[in-house]
Amino acid sequence: MELRQLRYFIAVAEELHFGKAALRLHMTQPPLSQTIQALEEELGAPLFERNRRGVTLSPAGAALLPEARRMLAHAQELPQLVQRAAGGEVGRLTLAFVSSADYSVLPPFLRAYRAAYPQVQITLQEATSDLQLDDLLHNRIDAGLLIPPLPDKAKEQLDYLPVLNEPLVLALPSGLPALKKKGKLTLSALPPLPLIIFPRAISPALHDAILSVFRDAGITPQIGQEAIQMQTIVSLVSAGIGMALVPQSVSNLMRTGVEYRALADATPLVETGLAWRRDNASPVLHGFLDLLRNELRKSALC
């Protein structure tokens, strides 16, 4: 069945006259009649009842008419759909993110992207950096907001864009005497609380950055608990299990029993960035990358 046949059928069905339909289609009547007859033979049922008084739709023709109109309308939309898909305006984006990004860069970037590409379906997955790298290398996600560095093997297949650099801050159980002092705190002024920290196997860069702060202060912390999610770390601090050093943006996670404080001790910056497969040609992904780069340029100018 061809779209041309459906177009001819609709014209005859609306005019209920082969001659008038032929004029409307800018053609002669014989080839129009032949096309309708061929369509009837293909479908195995008469579409029109022909008699001396004129032409009427058969039950089969009446059933076909709304479907034929729908099919033609969808066909007319295809070029626009293809163009929008090629421009990254429709489709699906699968984006993974570390938990700290949920309190910093992820919400504003998603708001900007949804405003620019409202018809793209976004699938979000919270995952640690190591799981994101594995998903990227196996084409299970389009991009991931993670904490670098990328392993050398991953660098061969992935591209990376730095997105955020932020200091570490203290997350302390409320009620500590040291918290009576306003402003920044030093590690040496704190009681020897157990340290709640990311496992090194999950995020070696963040783990090592946290321990380097204690090392530079001449303190060897007692690691009391390891957790892979920022929410869990903050919850453990709230329960009085110990203290933590977390990226500054995590202080947006307000939790009863937790107080965040800046450190007077020198602290390294923790980087969050976006990684994606170098060979991923998805227009949706590249639309996201273009918007992300534009948002980063705007924030740099502010």
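Just so it is clear, the model here is predicted, and its values are computed rather than measured.

It is worth spelling out the overall build of the protein chain at this point. Tallying secondary structure elements over the protein chain gives 10 helices and 11 strands in all. The C-alpha atoms of the protein chain give 32 Å as radius of gyration, which overshoots the globular expectation for 302 residues (19 Å, by more than 25%). Summarising its shape, the C-alpha atoms of the protein chain cover approximately 105 × 40 × 35 Å along the three principal directions. In the protein chain, which comprises 302 residues, the proportion classed as buried is 45%. Sequence separation of at least 24 residues holds for 70% of the intrachain contacts in the protein chain that already meet a minimum separation of 6. The positive charge centre, built from 29 side chains, and the negative charge centre, built from 29, are 6 Å apart in the protein chain.

As a further point, take the environment of serine 282. Within the element layout of this structure, serine 282 appears in the loop between strand 11 (269-277) and helix 10 (283-301). Taking the C-alpha atoms as reference points, serine 282 and arginine 92, separated by 190 residues in sequence, lie 9.4 Å from one another. Among the polar contacts listed, one links the side chain of serine 282 to the backbone nitrogen of valine 284, at a separation of 3.2 Å.

On to unusual backbone geometry. Along the chain, proline 148 connects to proline 149 via a cis peptide bond; the corresponding omega equals 10 degrees. Here proline 149 is to be found in the loop between strand 5 (143-146) and helix 7 (152-155). The backbone phi angle of leucine 16 is positive, close to 50 degrees, even though this residue is not glycine. Within the secondary structure, leucine 16 sits in the loop between helix 1 (3-15) and helix 2 (18-24).

Moving on to the UniProt feature "domain: HTH lysR-type" (unreviewed entry) in the protein chain. UniProt's feature table lists "domain: HTH lysR-type" (unreviewed entry) at residues 1-58, given in the numbering used throughout. Across residues 1-58, helical content stands at 60% and strand content at 14%; the span's end C-alpha atoms are separated by 19 Å.

Where charged atoms of side chains with opposite charge meet at close range, the side chains can pair. Evaluation of the coordinates by the stated rule reveals 15 salt bridges. Between glutamate 67 and arginine 70 there is a salt bridge, with its nearest N and O atoms 2.6 Å apart. On the criterion of helical spacing, the pair formed by glutamate 67 and arginine 70 is a turn pair, its members being three residues apart in helix 4 (residues 59-86). Arginine 70 sits in the partly exposed class, given a relative accessible area of 39%. Between arginine 277 and aspartate 279 there is a salt bridge, with its nearest N and O atoms 2.9 Å apart. Given the relative accessible area of 8%, arginine 277 is considered buried.

About the criteria used
Residues numbered from 1 in each chain as written. Predicted model: local features only at pLDDT ≥ 70, side-chain atom pairs only at ≥ 80, totals over all residues. Heavy atoms only, no water. Helix = DSSP H or I, 4+ residues; strand = E, 2+ residues; numbered from the N terminus. Rg over C-alpha atoms; globule rule 2.2 N^0.38 Å. Buried < 20%, exposed > 50% of the residue type's maximum accessible area, 1.4 Å probe, protein only. Contact = heavy atoms within 4.5 Å. Lys, Arg positive; Asp, Glu negative; His and termini not counted. Charge placed at Lys NZ, Arg CZ, Asp CG, Glu CD. Polar contact = N/O pair within 3.5 Å; in protein donor to acceptor, adjacent residues only side chain to side chain. UniProt positions renumbered as here; feature names shortened; annotations may be inferred. Salt bridge = Lys/Arg side-chain N within 4 Å of Asp/Glu carboxyl O.

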